[in-house]
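# Working through the structure, step by step
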Amino acid sequence: MSWRDNLPEVRGRLLRDEPLGPFTWFRVGGAADVLFLPADEADLSDFLAALPTEVPVTVLGVGSNVIVRDGGVEGVVIRLAGKAFAEISIDEEEGWIIADAGALDAMVAKAAAKAGLAGLEFYAGIPGTIGGALTMNAGCYGSETKDVLVSAWGFDRSGEIVSYSLEDFGYTYRHSAVPPGEVIWMQAVFQGRPDEPAAVEARMAEITARRETTQPIREKTGGSTFKNPQGHSSWKLVDEAGWRGKPFGGAMFSPLHSNFMINTGEATAADLEDLGEAVRADVKAKTGVELEWEIKRIGRKA
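These notes cover the structure that comes with them. As the structure is a prediction and not an experimental result, all values here were calculated from the model.

Rules of the game
Residues numbered from 1 in each chain as written. Predicted model: local features only at pLDDT ≥ 70, side-chain atom pairs only at ≥ 80, totals over all residues. Heavy atoms only, no water. Phe/Tyr/Trp six-rings, centres within 6.5 Å; stacked < 30°, edge-to-face > 60°. Buried < 20%, exposed > 50% of the residue type's maximum accessible area, 1.4 Å probe, protein only. Helix = DSSP H or I, 4+ residues; strand = E, 2+ residues; numbered from the N terminus. Pairing = 2+ DSSP bridges. Core = buried A, V, L, I, M, F, W, Y, C linked by side-chain atoms within 4.5 Å. Domains from an automatic or database assignment. Contact = heavy atoms within 4.5 Å.

According to the stated counting rule, one finds 11 aromatic pairs in the structure shown. Geometrically, the ring pair formed by W153 and F155 is edge-to-face, given 5.6 Å between the ring centres and 85° between the ring planes. In terms of burial, W153 and F155 fall into one category: buried. Linked through ring pairs, Y164, F169, Y171 and W185 together constitute an aromatic cluster.

On to the pairing of strand β13 (residues 184–191), then. Along β13, 6 of the 8 residues are buried, which leaves the element largely enclosed by surrounding structure. Summarising the sheet, strand β7 (residues 96–100) and β13 pair through 5 bridges and their orientation is antiparallel. Bridge pairing in β13 places A99 opposite A188.

Formed by 50 residues in total, the largest nonpolar core has its most connected members in L44, Y123, I130, L134, F169, W185 and F190. Per-element tally for this core: the top contributor is β13, with 5 residues. Structurally, this core is a two-domain feature, drawing no fewer than three residues from each of domain 1 (3–78) and domain 2 (83–214). In this structure, F190 is in contact with G95, W96, I97, A99, L120, Y123, I130, T145, V148, L149 and V150, ignoring residues within four places of it in sequence. Counting 21 residues, the second largest nonpolar core, distinct from the first, contains I67, F226, L272 and L275.

Coordinates in, geometry out; function isn't part of it.
If you want it as structure tokens, here you go:
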């Protein structure tokens, strides 16, 4: 009998061999051994406490920054979906925005603007969730998560609550010192600063308009493919190496923005990952600069 035949009782949903492609922006990839959609925080905590520690656990948000490999994902994939994981509230006295890990970054920006709190406008340009933002110090247009985060809490692998202050994250560019998978984030507190709602909303509208005209947001994409190396822009390196709009299987780097990979229709996860690796090798050979993936690649190769 395998661990899959003896899963803990839950109030949410447990789906075996569930394809993960539909849960990602790229629309590619294999199945999860088990996909768990918890009913609420208590359901998740109880499940983690009862799950054998040797079973790998992976958290998936809205899948806007991930390639699920064609061989699927080992162990349990946890997806925090629905209202139970997407609450946003305001502490007017402290100027705090309190957001669940499953809340969309853009919705958090909107809630802050409505409350007359500035500083989180940049989240309007990030297509992920707060859980992902905490994991990778998400940012754009000169601002990052570390600039506004106060604290966060989540569950460790055994289902126990753990709390982190900003300093505990050890943030650097698109990186947290908290080891991947160590914490399943549940909620974060952000510090806003008072401003007129109309002024905040105007800055958000500017960010949204800029994103719509410069990024292929209506394609099957995954956001920025590579981190910007020190002193360089990844899109320029990809562009100058000749990869903008160049087909590679069912994948290519977007003609609109050459740091955005797109699935042109029938790409496999291998097409996307192999394209990224081919570009990394080519840029390294031509310029000596090492491009580092920003998109997460998870699971087994076919």
